[in-house]
Amino acid sequence: MLYPVESGGDIKMQTVGTVSNYTGITERTIQYYDILKVLSLHRHNGIRILFEKDLNALLKIMTLKMLNTKVTTIKKTNLAELDFKEILISLEQLGHHLNEVMICLEKLQEEKSEEGLLTALRIVNEFINLYVNKR
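Residues numbered from 1 in each chain as written. Predicted model: local features only at pLDDT ≥ 70, side-chain atom pairs only at ≥ 80, totals over all residues. Heavy atoms only, no water.

**Considering the domain arrangement of the protein**
Then step 1. Taken as a whole, the protein is organised into domain 1 (13-76) and domain 2 (84-132).
Then step 2. Taken together, the contact between domain 1 and domain 2 spans eight residues of the former and seven residues of the latter.
Then step 3. Carbon and sulfur atoms supply 77% of the area that domain 1 and domain 2 bury against each other, a total of about 670 Å² over both sides.
Then step 4. When the area that domain 1 buries against domain 2 is broken down by residue, the three leading residues are Lys60, Leu67 and Asn68, summing to 61%. (Domains from an automatic or database assignment. Contact = heavy atoms within 4.5 Å. Buried area = accessible area lost by both parts, 1.4 Å probe.)

Now the structure itself:
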């Protein structure tokens with residue numbers, strides 16, 4: 001459970017340590033995004049804290065990282081305007097392409113053929129070009 005550093009009305013803050021303990025995202029990673037100005041953390045009595053908007057921004061950063069988006073690209077992105085719907089579409093596309101790779105590899109396990117190998121190589125290469133090399 002996340003524990004507020006301070007509660008006043010609807011404003012709740014979380015320390016970097018609390019967020020790290022709860023999510024498994026290292027404090028160093030969160031601080032790294034702050035140093036690069038990808039995330040704008042606030043300070044409360046010298047302790048880095050995150051408000052709800054910062055947690056939303058961090059979630060967007062982490063999901064963009066899942067899509068192999070470079071930090072330099074994320075830094076240029078207006079995270080406040082980025083809708084989770086856009087991220088969901090990208091994740092659905094990623095899932096679809098991963099599914100294609102899995103189906104192809106399963107077929108290759110069942111019937112080993114040169115054509116199957118070539119098809120698998122083509123599909124894996126397409127995936128790499130879309131999600132690994134391009135970003």
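**Considering the layout of surface pockets**
Then step 1. Considered as a void within the structure, the largest pocket measures approximately 240 Å³ in volume.
Then step 2. Around the largest pocket sit 14 residues that line it, and Val38, Lys53, Ala57, Leu79 and Ala80 are the ones nearest its centre.
Then step 3. Going through the elements one at a time, helix H3 (52-66) and helix H4 (71-76) are the ones with two or more residues in the lining of the largest pocket.
Then step 4. Broken down by element, the residue count for the lining of the largest pocket peaks at five residues, all from H3.
Then step 5. The residue makeup of the lining of the largest pocket, split by class, is six nonpolar, three polar and five charged. (1 Å grid on protein atoms, 1.4 Å probe; cavity = no way out; pocket = protein on both sides within 12 Å on 5 of 7 lines; lining within 4 Å. Points joined across faces, edges and corners; volume = space filled by probe spheres on them. Helix = DSSP H or I, 4+ residues; strand = E, 2+ residues; numbered from the N terminus. Nonpolar A, V, L, I, M, F, W, Y, C, P; charged D, E, K, R; others polar.)

**Considerations on the UniProt feature "domain: HTH merR-type" (unreviewed entry) in the protein**
Then step 1. Mapped onto this numbering, the UniProt entry annotates "domain: HTH merR-type" (unreviewed entry) at residues 15-76.
Then step 2. Along residues 15-76 one finds 61% helix and 13% strand; the C-alpha atoms at either end are 25 Å apart. (UniProt positions renumbered as here; feature names shortened; annotations may be inferred.)

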